[in-house]
Amino acid sequence: MPAENPPGFPYDISGGDPDRTINYRTPQQQPQPQPHVEPTRIDFGGTQQMYAPQQPPQPGQWRQPEELGYDLPPVVHAPVQKRGPKGAIIAVIVAVVVGLVGAGGVWAFSALSGGGAQPAEALPAGALAYARIDLDPAANQKLALFSIARKFTVTQDAFSGDDPREAFFKAISSDNESFKDINYATDIEPWLGDRIGFAVMPGKDANQPGFALAIQVKDADAARAGIAKLDAGSDTKTGVAIRGDYAIVSTTQAEADKYATGPTLAESANFSADMEALGEPGVLSFWGDLGQLAAMGGAAVADPALTDQLKNGRFAGALRFDGSYAELAAITRGVQSPVTVQTSPVKLGELPDTTAGALAISGLGEGVKNGWDQILKSVESTGGGAQFSQFVTQAQQQFGLNLPDDLATLLGDSITVAIDSQGLDGNMPNAGAVLATDPAKAGEVLTKVEQALAVAGAPLQLAKAPGDGKLVVATNQDYANKLAAGGTLADSETFQTAVPNADTAGFGLFVDLDKIENLYLQGMSNEDKANLQVLRAVGMSGGTSGSDANFSLRVLFN
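For the structure given in this document, a descriptive report is provided here. (Residues numbered from 1 in each chain as written. Predicted model: local features only at pLDDT ≥ 70, side-chain atom pairs only at ≥ 80, totals over all residues. Heavy atoms only, no water.)

## With respect to the side chain of Glu450
With respect to the helices and strands, Glu450 occurs in helix α15 (residues 439–455). Contacts of Glu450, omitting those with residues within four sequence positions, involve Leu460, Gln461, Leu462 and Lys464. (Helix = DSSP H or I, 4+ residues; strand = E, 2+ residues; numbered from the N terminus. Contact = heavy atoms within 4.5 Å.)

## Some words on the pairing of strand β14 (residues 463–467)
As defined by bridge partners, β14 adjoins strand β15 (residues 470–474) across 5 bridges and the pair is classed as antiparallel. Each bridged residue has a counterpart across the sheet, and for Pro466 the counterpart in β15 is Leu471. In sequence, β14 turns back onto β15 through a hairpin of 2 residues, with Gly469 there showing a positive phi of about 70°. (Pairing = 2+ DSSP bridges.)

## Some details on the side chain of Gln216
Secondary-structure assignment places Gln216 in strand β5 (residues 210–217). On the accessibility criterion, Gln216 (11% relative accessible area) is buried. At a separation of 2.9 Å, a polar atom in the side chain of Gln216 contacts the main-chain amide nitrogen of Asp194. Ignoring any residue separated from it by four or fewer positions in sequence, one finds Gln216 in contact with Ala117, Trp191, Leu192, Gly193, Asp194, Arg195, Asp245 and Tyr246. (Buried < 20%, exposed > 50% of the residue type's maximum accessible area, 1.4 Å probe, protein only. Polar contact = N/O pair within 3.5 Å; in protein donor to acceptor, adjacent residues only side chain to side chain.)

## Remarks on the packing of aromatic side chains
Applying the stated criterion to the full structure yields 7 aromatic pairs. Each ring, one from Phe198 and one from Phe211, has its centre 6.2 Å from the other, and the planes form 20°; the classification is stacked. Linking Phe198 in strand β4 (residues 192–201) with Phe211 in strand β5, this pair joins segments that are 13 residues apart in sequence. Counting every residue linked through ring pairs, the aromatic cluster contains Tyr130, Phe271 and Trp287. (Phe/Tyr/Trp six-rings, centres within 6.5 Å; stacked < 30°, edge-to-face > 60°.)

## Description of the packing of helix α12 (residues 372–381) against helix α13 (residues 385–399)
The interhelical angle for the contact between α12 and α13, taken along N-to-C directions, is 135°, at an axis separation of 7 Å. The angle between the axes of α12 and α13 places the two elements in the oblique class. Side by side, α12 and α13 meet where Trp372, Leu376, Val379 and Glu380 of the first sit next to Gly385, Phe388 and Val392 of the second. Classifying every residue of the contact of α12 with α13 gives 5 nonpolar, 1 polar and 1 charged. (Axes fitted to C-alpha atoms, helices over the stretch in contact; angles between N-to-C directions. Parallel < 35°, antiparallel > 145°, perpendicular 65-115°, else oblique. Nonpolar A, V, L, I, M, F, W, Y, C, P; charged D, E, K, R; others polar.)

## Side note on the environment of Val511
Of note, Val511 is situated in strand β16 (residues 507–512). Sequence separation between Val511 and Thr355 is 156 residues; the distance between their C-alpha atoms is 8.3 Å.

The values reported here are purely geometric and, on their own, carry no functional implication.
Quick look at the structure:
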């Protein structure tokens, strides 16, 4: 089931282009020349402002027909530990990666096109796993990240028109003997591009996998010379082969040459289908073949059953942005579960609109019942089988609890745990659970549990409110009745954004940070408080369909 695409991605992806580099990034038709008009600068405060025509770029600056920053101070970075000569090339790559993840200023240098080939179009097919960092993603991703960065005091002034990679290079090369003869302007900048891909490849054996790096380059000859200079002083020489717009880097020249020929990862049917199902790849994406990775890690020896479950499994994920949230989306495909469970949509949206936080999961009751034998085997494998068997026997003999049936009854079709924003400052918060199950049977089981706890010296008396196909338990009767009556959380725009596909999700999580921020903002400095107040909510949702599953984690911003 494809993850939800962020706004701004209404593009056809049916043409076998998993990284979205052809259909909408590359112009399909050259427009006719138009009379010059002054462009409009986007202002995220809701206004539009005109800006003066830009001057030609100066040496050491990026061409930026629509620059997202104006003469602001560069990012100051902490000193980096010294590295040996063997890690010189990797250090340059890490500098770019850190630039993407750690500093909003990285987005000021680039035009909004986001075009060009992706690393998967250069790396070889047959990869066991793949990861990609894109410093030049689609325009909607750049604008979204720019908008988010402006919300935080620690990043709102970090935008600069200068090449940010030079600042990172200086940070890692300062006081590092490995870089004493490296000049960024002449040895690095002329060839280093905006995208990097990494692939884990089959190796000599399970303990020695191979690897291939795909580094986007602007000048192949300069790239060879620059990498060779970075390699100077090392006992072994890094292999480099050019494929299209990328330098393929590996441990030996023979491996680099091999990885730079033949079909590419982008041409792999599984990879392409998985990335298409994932949707917008964002600024960072990853993919892996679970079966091959499990075999490489020795899972076949440790647990043959696990290997069989994962043998056809794959995963893919992406970090992507919208103007109001950041999202980590992921999917798994082809993973066989040892327990068959039919999940149903959870009903987080039916909670009261005063809900501060909630977690809902479906299918636990059926999962416990159908997978009880597997649970017992897992407990036995940890050495606690005898104690657990004794507990089950005592629960049945002393309190009449029949496991796993009574536990499955409590968990029901779904369970939703919630806490209300009203009463958080009291001695006992308003908290409760909605059990989608037979209320009469669940009530009998709860009575047995309460009796068992009382005998154990931990008495617990829960308020209860039965309903149509559900039983509500809570810390007090008023809140139990409130939960039983249902609510309109689904109408909240914050909830709708944080929990995509809430009507069909098999599990979900929602935390409204605006409703609980007073609990953690006290005693903080003004700056820390201002930054945390930007955080609006956290949401998670997902589900399963056969052997496939999807997952979305979102952090919303005010």
